[in-house]
Amino acid sequence: MLKYALKRILLAMVSVFVIMAIAFFSMNAIPGGPFAKEKAPEPAVQAVLEKRFNLDKPVMEQFFLYISNIFQGDFGISLKTGREISTTIFESFSISAKLGGYSILIALIMGLILGSTAALTRNKWPDQLIVFFTTLSVGMPSFVLGTLLLLVFSLILKVVPAWSIENQNYVLPIIALSLYPTAHITRLTKSSLLDVFGQDYIRTARAKGVPRIKVIVKHALRNALIPVITYIGPLTAYSLTGSMVIETIFTIGGLGTKFVTGITNQDYPMIMGTTIFLAILMVIMTLISDLLYRAVDPRISFD
Amino acid sequence: MNDTPLLQVKNLSTSFPTEQGVVHAVNGISFNLDIGNTLGIVGESGSGKSVTAYSILRILTDPGRITGGEIYFKGENILNYSEKEMYDFRGKKISIIFQDPMTSLNPVYTVGNQITEAILLHTDRNKKEANERALNLLELVGVNDPQKRLKQYPHELSGGMRQRVMIAIALACEPDILIADEPTTALDVTIQAQILELMQELQKKLGMAIIMITHDLGVIAEMCNEIIVMYAGRICERGTADEIFYNPCHSYTKGLLRSLPKFTKDREKLIPISGTPIDLLNMPKGCAFAPRCKDAMQICLSELPKEIPINDFHLASCWMNVKKVYDEVKEGRKNG
């Protein structure tokens, strides 16, 4: 177990390094630069700035300089705002974590409840209603949904205020972000539960005299959870990328927004900082989902 | 002899309504089982053997429904039991072991957990006592190193071991009847013999009755004193093992026996039963076996044969037997 975790962490560090390299070089391959804007500064000023941020050196050298800085805990400062990248990331992450965390949690809870309900009421009206809802949610892109929610609830009905720094109301963004994964987990849970219900060991449990509720919760649900747990990894990836879109629509200044504006501004340290941060987050969540997988299914071994 | 049999199945019918129509899996079968006896139910796939067993425990899967008849256990009709009363009945009064031990145990719980579950459900034992009981049970069914096995998961055991664990679960609460639904079909031959031997041994020790469901006549011959032959959800012939094997009186039973290899003659050809099993969606009016029967007469197609006694230990539902009696009488008249 510990050996496995260590091995995975070492592998994860390799992945993060590769992601870092790819991001760094492709970022530099894009024409232009952080100071090459319409209102470009005087050539002399630009030269000084580039020298200050090592941008005058060859890309390879910049890369190694950047890495050695990271190992000293220095992620640099934003070329746009001049603030420390690490502070910016942690500030904006606290907002994004709320959005993403709640969305994942809601998606998991609602997905499991709805999925189980659909499986237990197969072909009856609750199931049909849930199937309708999931088809609709899977088919609608989150940016369309986000815009619609804003339009209906904030502008027309005025029941939920739009997000602002003073009034941080997360309801609509969370709904917009969690609807797709909720639908996905619902379908996953339903199909996997139905599959499990047909298994021989469920019949064995019933033949033993196990009450129906216990058959469902103890014998069926735990087996049905296995595919849902493997989805936690991709789910995290979804809510990370999804929150970039959602945050932009709701003008929430989270990590996603920082990432997107970082790219449009070609704010190199910001792009690198957010990329590394998200990569690490992703790797950790995948590791957690793999460990959970093992905890639920004893047939998975680490060797 | 006791007046009320341990188990009495009367006119049981079970069907599965599907989109294509109603599948009549079991059509009015009746039989008795006495304390300590072994009853064999033989028949090909789809003849309703397993559905009969599941009906007795009321563990049919949707959309299966018992549509008629009564099932008396010690004189009480269990079809009148509520689902809650059934929880108490299953696994305690009647237990079942299934065909495929590879899939019949829950993969995510330990062997110990699955055995003690039944004990905790049906007895007043606490966790520790249940564990001891599970340990004894594993010893009883001949599992080596039981202490270690209790903590293992099903995938860590072989097929034979798992079937032994299944038997241990079934015997956990000392049921009156053990239903064995093709218990050896999924096992290799040497293990098959071991499992059958174990079941016979346990029956002697614990005195339970066994319903042995199989399509393997060899298993039946070894285990059972009474035999029921099923075809298309009906009983076509029943009697003692000797009667069925040496004096088969239904064309289907005769066909079954002809399709068995014998070791007395060299190079004897096996004769398969021609045709395919009956479509349970469209049951014929007459005898269900008639379309495949080479002796079928006009009446076989139009009328259902009644069960008539061949002798005190033997009943068969085949028009051929009626014809035989009729011919004998006619012959007798001619001569006399």
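All figures in this text were calculated on a predicted structure; none of them were measured in a lab.

Draft legend 1. Quick look at the overall build of chain B. On a plain count of helices and strands, chain B comes out with 12 helices and 12 strands. Relative to a compact globule of 336 residues, whose C-alpha radius of gyration would be 20 Å, chain B shows 22 Å and is just as compact. Structurally, chain B occupies a C-alpha span of about 80 × 50 × 45 Å along its principal axes. Within the span of chain B, comprising 336 residues, buried residues form 43% of the whole. Sequence-distant contacts in chain B: of pairs separated by 6 or more residues, those separated by 24 or more amount to 64%.

Draft legend 2. Looking closely at the overall build of chain A. When you go through chain A residue by residue, the secondary structure sums to 12 helices and 0 strands. Of the regular secondary structure in chain A, the N- to C-terminal order runs α-α-α-α-α-α-α-α-α-α-α-α. Dimensions of chain A, computed from the C-alpha atoms along their principal axes, are close to 85 × 55 × 30 Å. The proportion of buried residues among the 303 residues of chain A is 34%. A fraction of 73% describes how many contacts in chain A between residues 6 or more apart in sequence connect residues 24 or more apart.

Draft legend 3. Spotlight on the sheet that holds strand β7 (residues 177-181) of chain B. All names here are of chain B. Strand order in the open sheet made by the 8 strands is β6-β7-β8-β3-β9-β10-β12-β11, with mixed pairing throughout. Looking at the sheet topology across the chains shown, the edges are occupied by β6 (94-97) and β11 (308-311). Neighbour to neighbour, the strand axes of the sheet diverge by 20 degrees on average, direction disregarded. Where strand β3 (residues 38-42) and strand β9 (residues 226-231) come together, 4 bridges link them in parallel fashion. Along β9, the bridge assignment pairs leucine 39 with glutamate 226. Of the strands in this sheet, β6 and β7 touch helix α6 (residues 159-171), which is tilted by about 170 degrees from β6.

Draft legend 4. A look at the interface of chain A and chain B. Taken together, the contacts link 19 residues of chain A with 24 residues of chain B. Of all the secondary structure elements, the ones that give two or more residues to the side of chain A that touches chain B are α8 (200-207) and α9 (212-230) of chain A. Ranked by the residues each element gives to the side of chain A that touches chain B, the list is headed by α8 of chain A, at 7 residues. When grouped by side-chain class, the residues that make up the side of chain A that touches chain B number 7 nonpolar, 5 polar and 7 charged.

Draft legend 5. Broad picture of the environment of glutamine 199 of chain A. Residues and elements named next belong to chain A. When you line up the elements, glutamine 199 lands in the loop between α7 (171-197) and α8. Overall, glutamine 199 belongs to the partly exposed group, with 17 C-beta atoms counted inside 10 Å. In this structure, the C-alpha to C-alpha distance between glutamine 199 and threonine 88, residues 111 residues apart in sequence, is 51 Å.

Draft legend 6. Geometry of unusual backbone geometry. Each neighbour pair has its own omega, and for aspartate 62 of chain B with proline 63 of chain B the value is 0 degrees, a cis peptide bond. Residues other than glycine seldom take positive phi values, yet threonine 251 of chain A does so here, at roughly 45 degrees. With respect to the helices and strands, threonine 251 of chain A occurs in the loop between α10 (232-249) and α11 (255-265).

Draft legend 7. Here's a closer look at the pairing of β6 of chain B. Residues and elements named next belong to chain B. Where burial is concerned, the two faces of β6 agree: the one with Ile94 and Ile96 and the one with Ser95 and Ile97 are both buried. By the bridge criterion, 4 bridges tie β6 to β7 in an arrangement that is parallel. When the bridges of β7 are listed, serine 95 appears paired with leucine 178.

Draft legend 8. Looking closely at the pairing of β7 of chain B. Residue and element names in this part refer to chain B. Along β7, 5 of the 5 residues are buried, which leaves the element largely enclosed by surrounding structure. The two faces of β7 match: Ile177, Ile179 and Asp181 on one face and Leu178 and Ala180 on the other face are all buried. One ladder, built from 5 bridges, connects β7 with strand β8 (residues 209-214); its direction is parallel. Bridging across to β8, isoleucine 177 finds its partner in alanine 209. Regarding topology, helix α7 (residues 189-206) serves as the crossover connection from β7 to the parallel β8, and that connection is right-handed.

Draft legend 9. The domain arrangement of chain A, seen in detail. All names here are of chain A. One can read the domain layout of chain A as domain 1 (2-71) and domain 2 (90-296). A straight line from the C-alpha centre of domain 1 to that of domain 2 covers 32 Å. In terms of residue count, the dominant contributor to the side of domain 1 that touches domain 2 is helix α1 (residues 2-29) (9 residues). Looking at the side of domain 1 that touches domain 2, its residues break down into 10 nonpolar, 3 polar and 1 charged.

Draft legend 10. Focus on the packing of α6 of chain B against α7 of chain B. Residues and elements named next belong to chain B. Contact geometry of α6 with α7 gives a least axis separation of 10 Å together with a crossing angle of 20 degrees. With respect to α7, the axis of α6 lies roughly parallel. Both α6 and α7 take part in a crossing whose hand is right-handed. Contacts between α6 and α7 involve Gly159, Gly160, Gln163, Ile167 and Leu171 on the former and, on the latter, Ile191, Gln194, Ile195, Leu198, Leu202 and Leu206. Among the residues making up the contact of α6 with α7, the classes are represented as 7 nonpolar, 4 polar and no charged.

Draft legend 11. Structural context of α8 of chain A. Counting buried residues along α8 of chain A, 7 of its 8 residues qualify, which places the element largely inside the surrounding structure. Looking at α8 of chain A, one finds that the buried residues are Tyr201, Ile202, Arg203, Thr204, Ala205, Arg206 and Ala207 of chain A. Residues of α8 of chain A that are buried sit in contact with α7 and α9 of chain A together with α1 (49-57) and β6 of chain B.

Draft legend 12. Spatial organisation of the confidence of the model for chain A. Averaged over every residue, the pLDDT of chain A is 88; the share at 70 or more is 98%. Summarising per-element confidence for chain A, the mean pLDDT is lowest in helix α2 (residues 43-52) of chain A (81) and highest in α8 of chain A (94).

Draft legend 13. Summary view of the packing of α11 of chain A against helix α12 (residues 268-296) of chain A. Residues and elements named next belong to chain A. Between α11 and α12, the least distance of the axes is 8 Å, while the angle of their chain directions is 140 degrees. One element, α11, and the other, α12, form an angle in the oblique class. Between α11 and α12 lies a crossing of left-handed hand. Side by side, α11 and α12 meet where Leu255, Lys258, Phe259, Gly262 and Ile263 of the first sit next to Met270, Ile271 and Thr274 of the second.

Draft legend 14. Just helix α4 (residues 127-140) of chain B, in detail. Residue and element names in this part refer to chain B. Taking 1.5 Å per residue, 14 residues should reach 20 Å; α4 reaches 20 Å between its end C-alpha atoms and fits that length. Turning to α4, the residues buried within the fold contact α3 (111-122), α5 (146-150) and α6. Just beyond α4, the residue with positive phi is glycine 142, at close to 75 degrees.

Draft legend 15. Inspection of the nonpolar core at higher detail. By size, the foremost hydrophobic cluster in this structure holds 115 residues, and its most contacted members are Ala168, Ile177, Ile179, Ile211, Met212 and Val229 of chain B. No other element matches α6 of chain B, which puts 8 residues into this core. Setting aside anything within four residues of it in sequence, one finds isoleucine 211 of chain B in contact with Leu33, Leu39, Ile41, Ala53, Ile177, Ile179 and Ala180 of chain B. Formed by 16 residues, the second largest nonpolar core is a distinct cluster that contains Trp163, Leu172, Ala176 and Phe250 of chain A.

Conventions adopted
- Residues numbered from 1 in each chain as written.
- Chains lettered and ligands numbered in written order.
- Predicted model: local features only at pLDDT ≥ 70, side-chain atom pairs only at ≥ 80, totals over all residues.
- Helix = DSSP H or I, 4+ residues; strand = E, 2+ residues; numbered from the N terminus.
- Rg over C-alpha atoms; globule rule 2.2 N^0.38 Å.
- Buried ≥ 20, exposed ≤ 12 C-beta atoms within 10 Å, placed from the backbone.
- Contact = placed C-beta atoms within 7 Å.
- Pairing = 2+ DSSP bridges.
- Axes fitted to C-alpha atoms, helices over the stretch in contact; angles between N-to-C directions.
- Nonpolar A, V, L, I, M, F, W, Y, C, P; charged D, E, K, R; others polar.
- Right-handed = clockwise from strand over helix to strand, strands pointing away.
- Domains from an automatic or database assignment.
- Parallel < 35°, antiparallel > 145°, perpendicular 65-115°, else oblique.
- Left-handed = near helix turned anticlockwise from the far one by under 90°.
- pLDDT = per-residue confidence, 0-100.
- Expected span 1.5 Å × (residues − 1).
- Core = buried A, V, L, I, M, F, W, Y, C linked by C-beta atoms within 7 Å.

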